[in-house]
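A look at the structure
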Amino acid sequence: GFWRSVGHSHQAFFKECFIDELAHAAGQDPFAFRDALLPHHPKQRAVLRAVAEAAGWGQPPPPAPDGATTALGLALHDSFGSTVAQVAQVSLGPDRQIRVHRVWAAIDCGLAVNPAGVRQQMESAVVFGLSAALQGGVTIVNGQVQAGNFHDQPVLRLSETPQVDTVILPSQAPPEGVGEPGLPPIAPAVANAVFALTGQRLRSLPLRLTP
């Protein structure tokens, strides 16, 4: 059915988590591995480097407000004419619940006619994507969907919403999409951060850690 970023939401998850697995198998940093793949794609490389610089990639991430250890995960995806890269800072709660504290996003959407609107769309896409990635899912029993209404499909609360910092790359190219491109990278960025933190790969959505 109708879904923000439609097929990109799961395609980016598969692609960017697999790229992260390839980087690990090659013994390379996830940013450096991706960067080396993009010599002929200057737009994507510029977005990737912008988000890495904004997030301080390569430096130890700061602890969570409660002192918990955090890790960073990275993802990059093209959709609707725009390129977006995101870095997610993640920790685990006492019950091994995934917590996302901060998200850095970089976007090249061509000419940003309304930069404030672009930032707002990135923020709302992160909230939408995290709601689905962390709390979504449809349970079917004997052919019947168990969720009755919105109270059975929780969305991110303000207390669960990360700080989102957006870098808009300058461009004189024609304006492209901004309403949906901010969603696809968030789930793989979080899953890749969980791997960096725990060594456990999450290969399905919604993201759930096993004991």
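Let me begin by describing the structure that accompanies this report. Residue indices follow the written sequence of each chain, beginning from 1 at its first position. Owing to the predicted nature of the model, reporting of local features is limited to residues with pLDDT of at least 70; listing and counting of side-chain atom pairs is limited to 80 or more, with chain, interface and lining totals taken over all residues. For side-chain calculations, the full set of non-hydrogen atoms in the structure is used, while hydrogens and water are omitted.

**Things to note about the packing of aromatic side chains**
- Ring pairs are drawn from Phe, Tyr and Trp, using the six-membered ring of Trp, whenever the two centres fall within 6.5 Å, and their geometry is named by plane angle: stacked under 30 degrees, edge-to-face over 60, tilted for the rest. Under the counting rule described, the total for this entry stands at two aromatic pairs.
- With 5.3 Å between their ring centres and 70° between their planes, Trp-3 and Phe-128 make a pair best called edge-to-face. Separated by 125 residues along the polypeptide, Trp-3 in the segment before helix H1 (8-25) and Phe-128 in helix H4 (residues 115-135) bring together distant segments of the chain.
- Accessible area is worked out with a 1.4 Å probe on protein chains only. A residue is then buried under 20% of its type maximum, exposed over 50%, and partly exposed in between. Of the residues examined, Phe-128 reaches a relative accessible area of 31% and is grouped as partly exposed.
- Cation placement over rings: the criterion is NZ of Lys or CZ of Arg within 6 Å of the ring centroid and within 35° of the ring normal. One Lys or Arg, Arg-201, reaches over the ring of Phe-195 and ends 3.6 Å from the middle of that ring. Only runs of H or I of at least four residues qualify as helices and only runs of E of at least two qualify as strands under DSSP, and these elements are numbered from the N terminus.

**Focus: the pattern of salt bridges**
- When a carboxyl oxygen of Asp or Glu lies within 4 Å of a side-chain nitrogen of Lys or Arg, that pair is called a salt bridge. Considering all chains together, one arrives at nine salt bridges under this definition.
- Glu-16 serves as the salt-bridge partner of Arg-34, at 2.8 Å between the closest nitrogen and oxygen. You can see Arg-34 sitting in helix H2 (residues 30-36) and its partner Glu-16 sitting in helix H1, a full 18 residues away along the chain. With respect to class, Arg-34 is no different from Glu-16; both count as buried.
- The closest approach of N and O atoms between Glu-21 and Arg-203, which form a salt bridge, is 3.0 Å. Separated by 182 residues along the polypeptide, Glu-21 in helix H1 and Arg-203 in the segment after helix H5 (186-198) bring together distant segments of the chain.
- Classification of Arg-203 by relative accessible area gives exposed; the value is 58%.
- Sharing partners across several salt bridges, the network here consists of Lys-15, Glu-16, Asp-20, Arg-34 and Arg-201.

**Structural notes on the sheet that holds strand E6 (residues 163-168)**
- Read across the sheet, four strands follow the order E1-E2-E3-E6 without closing on themselves; strand pairing throughout is mixed. Each edge of the open sheet is held by one strand with a lone partner, namely strand E1 (71-79) and E6. For this sheet, the mean angle separating the axes of adjacent strands, direction not counted, is 15°.
- A pair of strands counts as paired when DSSP detects no fewer than two bridges linking them. Bridge analysis of strand E2 (residues 82-92) against strand E3 (residues 98-108) gives 10 bridges, and the strand direction is antiparallel. Along E3, the bridge assignment pairs Ala-85 with Ala-106.
- Should any heavy atoms of two residues lie within 4.5 Å, those residues are considered in contact. Axes, fitted as lines to C-alpha atoms, cover a helix only where it is in contact. Angles between the N-to-C directions of the axes lie from 0 to 180 degrees. Contacts from H4 reach E2, E3 and E6, with the element oriented near 135° to E6.
- Across the sheet, H5 is in contact with E1, E2 and E3; its angle to E1 comes to roughly 155°.

**A few points about the packing of H4 against H5**
- Two numbers describe how H4 lies on H5: the axes approach to 9 Å, and their chain directions differ by 55°. When the axes of H4 and H5 are compared, the pair comes out oblique. Handedness of the H4/H5 crossing: right-handed. Judged by residue contacts, Val-126, Gly-129, Leu-130, Ala-133 and Leu-134 of H4 engage Ile-186, Ala-187 and Val-190 from H5.
- Note that Gly is not counted as nonpolar here; it falls among the polar residues with everything else outside the nonpolar set of Ala, Val, Leu, Ile, Met, Phe, Trp, Tyr, Cys and Pro and the charged set of Asp, Glu, Lys and Arg. A breakdown of the residues in the contact of H4 with H5 according to their chemical character gives seven nonpolar, one polar and no charged. In what follows, roughly perpendicular refers to angles from 65 to 115 degrees, roughly parallel to angles under 35, roughly antiparallel to angles over 145, and oblique to any angle outside these ranges. For a crossing to be left-handed, the near helix must be turned anticlockwise from the far one by less than a right angle; the clockwise case is right-handed.

**Some details on the pairing of E6**
- Residues of E6 alternate between two faces, with Val-164, Thr-166 and Ile-168 buried on one and Gln-163, Asp-165 and Val-167 left unburied on the opposite face.
- As defined by bridge partners, E3 adjoins E6 across six bridges and the pair is classed as parallel. Paired with Ile-107 across the two strands is Ile-168, which belongs to E6.

**A word on the nonpolar core**
- For the purposes of this section, nonpolar cores are sets of buried Ala, Val, Leu, Ile, Met, Phe, Trp, Tyr and Cys residues that join through side-chain atoms within 4.5 Å. Within the largest apolar cluster, 25 residues are counted, with the highest numbers of intra-cluster contacts made by Val-90, Ile-98, Val-100, Leu-130, Val-190 and Leu-207.
- Secondary structure elements with two or more residues in this core: H1, E2, E3, H4 and H5.
- The element contributing the most residues to this core is H5, with seven residues.
- Those residues in contact with Val-90 that sit more than four places away from it in its chain are Thr-69, Thr-70, Ala-71, Ile-98, Arg-99, Val-100, His-101, Val-190, Ala-193, Val-194 and Leu-197.
- With 17 residues, the next largest nonpolar core counts Val-47, Ala-55, Leu-72 and Leu-76 among its residues.

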